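Letter by letter, the chains look like this.
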Amino acid sequence: MALNDIEIYQLIRTAFALCDEVGTALKARREFNLADQLLRAALSVGNNFAEGYGRSATGERLMLMFYADGSAQECKNCLNSAVDLNIIEAGKAQELNALFSRISIGIIEFCAWILRQDPDYNGAFRERVEKRRAWRFRKR
């Protein structure tokens with residue numbers, strides 16, 4: 001399966017494009033640091049996902065997926081900061097935060113898929129993925 005065929009990767013690319021629009025608004029308000037941080041974090045989601053996808057060792061793949069998820073959380077923080085600074089509307093931030101939440105869930109579910117492909121992997125990330133999935137299902 002090609003990277004571009006993975007649904008979660010397509011969502012990541014969409015989120016990056018939307019963050020680029022927000023970054024433009026931030027730059028127009030001379031919030032260059034926040035714009036740069038948001039765009040770097042959004043780019044990092046895709047870069048880490050792609051790098052993890054390209055690795056062969058399960059532990060490395062999962063580590064990079066967790067980095068991608070961490071960057072998705074960073075994007076949400078940047079968006080919340082932009083709302084606090086009255087640069088973007090709360091509704092726009094909520095829409096993007098919901099997209100990053102979907103991405104986060106998708107990344108963890110992709111990690112679960114990776115683990116199903118390698119049932120012999122017993123590294124620390126197996127427990128982390130299971131905890132994240134359990135936390136998500138508990139929240140419902």
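Residue numbering note: each chain is counted from 1, following its sequence as written. For a predicted model such as this one, the threshold for reporting local features is a pLDDT of at least 70, and the threshold for listing and counting side-chain atom pairs is 80 or more; totals across whole chains, interfaces and linings nevertheless cover every residue. Each side-chain value is derived from all of the structure's non-hydrogen atoms; neither hydrogens nor water enter the calculation.

*Asks:* I'd like a rundown of the side chain of serine 104, residues and numbers included.
*Replies:* As for its placement among the helices and strands, serine 104 is situated in helix H4 (residues 90–117). Buried, partly exposed and exposed residues are distinguished by accessible area as a fraction of the type maximum, computed with a 1.4 Å probe on protein chains only: under 20%, between the cut-offs, and over 50%, respectively. Judged by relative accessible area, which is 5%, serine 104 ranks as buried. Distance and chemistry together define a polar contact, namely a pair of N or O atoms within 3.5 Å, with one atom able to donate a hydrogen and the other to accept it when in protein, and with adjacent residues in sequence counting only for side-chain atoms on both sides. A distance of 3.2 Å separates the side chain of serine 104 from the side chain of glutamine 73, its partner in a polar contact. Elements are defined by DSSP. Helices are runs of H or I of four residues or more, strands are runs of E of two residues or more, and each kind is numbered from the N terminus.

*Asks:* So what about the packing of helix H3 (residues 58–84) against H4? Which residues, and what values?
*Replies:* Put simply, H3 and H4 touch, their axes get as near as 9 Å, and they point 170° apart. As summarised for this structure, H3 and H4 are arranged roughly antiparallel, according to the angle between their axes. Orientation is described by lines fitted to C-alpha atoms, with helices fitted over the stretch in contact, and by angles between N-to-C directions that extend from 0 to 180 degrees. An angle below 35 degrees is treated as roughly parallel, one above 145 as roughly antiparallel, one from 65 to 115 as roughly perpendicular, and anything else as oblique.

*Asks:* I'd like a description of the layout of surface pockets, backed by residues and values.
*Replies:* Cavities and pockets are found on a 1 Å grid laid over the protein atoms alone: a cavity is a set of points where a 1.4 Å probe fits but cannot escape, a pocket is an open set with protein on both sides within 12 Å along at least five of seven lines, and a lining residue has an atom within 4 Å of such a point. Grid points are joined across faces, edges and corners, and a volume is the space filled by probe spheres set on the points. By volume, the largest pocket is sized at about 190 Å³. Looking at the lining of the largest pocket, the elements that each hand over two or more residues are H3, H4 and helix H5 (124–139). Across the lining of the largest pocket, the residue classes break down as 3 nonpolar, 3 polar and 4 charged. Any residue that is not Ala, Val, Leu, Ile, Met, Phe, Trp, Tyr, Cys, Pro, Asp, Glu, Lys or Arg is counted as polar, Gly included; the first ten are nonpolar and the last four charged.

*Asks:* Describe the pattern of salt bridges, with residues and values.
*Replies:* One side-chain nitrogen of Lys or Arg within 4 Å of one carboxyl oxygen of Asp or Glu is enough to make a salt bridge. Here the structure, examined in full by the defined rule, presents 6 salt bridges. Across the pair glutamate 51 and arginine 55 runs a salt bridge, and its minimum N-O distance is 2.4 Å. A residue is classified by how much of its surface remains accessible, and glutamate 51, at 36% relative accessible area, is partly exposed. Aspartate 69 is paired through a salt bridge with arginine 132; the nearest N and O atoms lie 2.5 Å apart. With aspartate 69 in helix H3 and arginine 132 in helix H5, this residue pair connects regions lying 63 residues apart in the sequence.

*Asks:* Help me get a handle on the environment of isoleucine 8, residues and values and all.
*Replies:* Following the sequence through the fold, isoleucine 8 ends up in helix H1 (residues 7–28). Put simply, isoleucine 8 and cysteine 19 are 11 residues apart on the chain and 16 Å apart in space, counted from C-alpha to C-alpha. In contact with isoleucine 8, not counting residues within four places along its chain, are Phe49, Arg102, Ile103, Gly106 and Ile107. By the convention used here, residues are in contact when the closest approach between their heavy atoms is within 4.5 Å.

*Asks:* Give a detailed account of unusual backbone geometry, specifying residues and quantitative values.
*Replies:* Residue arginine 30 is not a glycine yet carries a positive backbone phi of 65°. Take arginine 30: it is sitting in the loop between H1 and helix H2 (32–54). Its identity is not glycine, yet asparagine 86 carries a phi of approximately 60°, on the positive side. Along the chain, asparagine 86 falls in the loop between H3 and H4.

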